[in-house]
Amino acid sequence: TVNTVAKPESFVQRWLIMPKLLYLMLNCVIYAMHMMGTKTFVNDWGLKPYEVGYVTSMMCINFFGAIFWSNLADKTNKYKAILIFNTIAFAGFFSLLTPKIAGLLSGYSLMKKVYTAVVYLIANFFQSALFPLMDANIIGTLSNNPNFTKDMFGRQRLFG
């Protein structure tokens, strides 16, 4: 007979460090960008608070974007590739809202508002995939654990 020795669990596996770290990083990046975006719209773009409200209402695209990206990922089975692409696209479009671009549009009040709303809408369309696809990735990782439960997944997400 062959003796098989169970490999001891590493610290990272035992305490599920990677799922926690991924959720923490995702939340920090998304919410920091939204918080700094609001300050940028007011301080650098010169938008009034009610105009910032109109621009941030473009986040309603998240509902439709999450459905689109989740269905695409299910059909193609390319969860990680779509997650990586959308992360890069979100960062790219969000970076088009920098103060330097605001300076280029300084004399065009209406154009500045339309530009801000459209770019924010597109950035949020790409951002809408990040949470559901991250959830799918984490569930896939945790399901390899023989002790996997729904509560285990919930605790990882709650930590983030």
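### Remarks on the overall build of the protein chain
- Across its full length, the protein chain holds nine helices and zero strands.
- Each helix and strand of the protein chain, ordered N terminal to C terminal, gives the series α-α-α-α-α-α-α-α-α.
- Computed over its C-alpha atoms, the radius of gyration of the protein chain comes to 20 Å, more than 25% above the 15 Å expected for a compact globule of 160 residues.
- A principal-axis box enclosing the C-alpha atoms of the protein chain has dimensions of 80 × 30 × 25 Å.
- Relative to its 160 residues, the protein chain shows a buried fraction of 34%.
- Looking at the protein chain alone, contacts between residues at least 24 apart form 75% of all its contacts between residues at least 6 apart.
- Of the roughly 10,300 Å² that the protein chain leaves accessible, carbon and sulfur atoms contribute 69%.
- For the protein chain, the separation between the mean place of its 14 positive charges and that of its 6 negative charges on side chains is 4 Å.

### Here's the deal with a nonpolar patch on the surface
- A contiguous nonpolar patch, built from Met18, Leu21, Leu24, Met25 and Phe159 and spanning about 460 Å² of accessible area, is present on the exposed surface.
- It is helix α2 (residues 17-43) that provides the largest number of residues to the nonpolar patch, a total of four residues.
- Mapped onto the elements, Met25 comes out in helix α2.

### Remarks on helix α7 (residues 109-127)
- With 19 residues, α7 should cover 27 Å at 1.5 Å per step; its first-to-last C-alpha distance of 27 Å lies within 8% of that length.
- All of the buried residues in α7 are Lys112, Thr116, Ala117, Val119, Tyr120, Ala123, Asn124, Phe126 and Gln127.
- Buried residues along α7 sit in contact with α2, α3 (49-56), α4 (61-76), α5 (79-95), α6 (99-104) and α8 (130-142).

### Description of the nonpolar core
- Counting 33 residues, the largest nonpolar core has Phe41, Trp45 and Phe90 as the members making the most contacts within it.
- Broken down by secondary-structure element, the contributors of at least two residues to this core are α2, α3, α4, α5, α7, α8 and α9 (150-159).
- The dominant element in this core, judged by the number of residues it contributes, is α8, at six residues.
- In this structure, Trp45 is in contact with Thr40, Leu96, Leu97, Thr98, Ile101, Ala102, Leu105, Lys112, Tyr115 and Thr116, ignoring residues within four places of it in sequence.

### Considerations on α4
- Helix length check: α4 (16 residues) gives 22 Å between terminal C-alpha atoms against 22 Å at 1.5 Å per residue, within 8%.
- Turning to α4, its buried residues number three or more, namely Ile61, Asn62, Gly65, Ala66, Trp69, Ser70 and Ala73. End-on view of α4: buried residues confined to an arc of 150 degrees, all on one side of the axis. The outward face of α4, more than 90 degrees from its buried face, is lined by the exposed residues Phe63, Phe64 and Lys75.
- Check the buried side of α4 and you find it contacts α5, α7 and α8.
- Within two residues after α4, Asn77 carries a phi angle of roughly 60 degrees, on the positive side.

### Considerations on the packing of aromatic side chains
- In the structure shown here, the tally under the stated rule is 14 aromatic pairs.
- Centre to centre, the rings of Phe63 and Phe64 are 5.2 Å apart; their planes meet at 85 degrees, and the pair counts as edge-to-face.
- Three or more aromatic residues joined by ring pairs make a cluster, and in this case those are Phe68, Trp69, Phe85, Phe93, Phe125 and Phe126.

### What to know about the environment of Arg157
- Within the element layout of this structure, Arg157 appears in helix α9.
- Look at Arg157 and you get partly exposed, because its relative accessible area is 36%.
- Taking the C-alpha atoms as reference, Arg157 lies 26 Å from Phe93; in sequence the two are 64 residues apart.
- Ignoring anything within four residues of it in the chain, the contact list for Arg157 reads Tyr23, Phe131 and Asp135.

Cut-offs applied
- Residues numbered from 1 in each chain as written.
- Predicted model: local features only at pLDDT ≥ 70, side-chain atom pairs only at ≥ 80, totals over all residues.
- Heavy atoms only, no water.
- Helix = DSSP H or I, 4+ residues; strand = E, 2+ residues; numbered from the N terminus.
- Rg over C-alpha atoms; globule rule 2.2 N^0.38 Å.
- Buried < 20%, exposed > 50% of the residue type's maximum accessible area, 1.4 Å probe, protein only.
- Contact = heavy atoms within 4.5 Å.
- Areas by Shrake-Rupley, 256 points an atom, 1.4 Å probe, with all protein chains shown as cover.
- Lys, Arg positive; Asp, Glu negative; His and termini not counted.
- Charge placed at Lys NZ, Arg CZ, Asp CG, Glu CD.
- Patch = residues over 30% accessible without salt bridge, like charges linked within 9 Å, V, L, I, M, F, W, Y side chains within 5 Å.
- Salt bridge = Lys/Arg side-chain N within 4 Å of Asp/Glu carboxyl O.
- Expected span 1.5 Å × (residues − 1).
- Core = buried A, V, L, I, M, F, W, Y, C linked by side-chain atoms within 4.5 Å.
- Arc of directions from axis to C-beta.
- Phe/Tyr/Trp six-rings, centres within 6.5 Å; stacked < 30°, edge-to-face > 60°.

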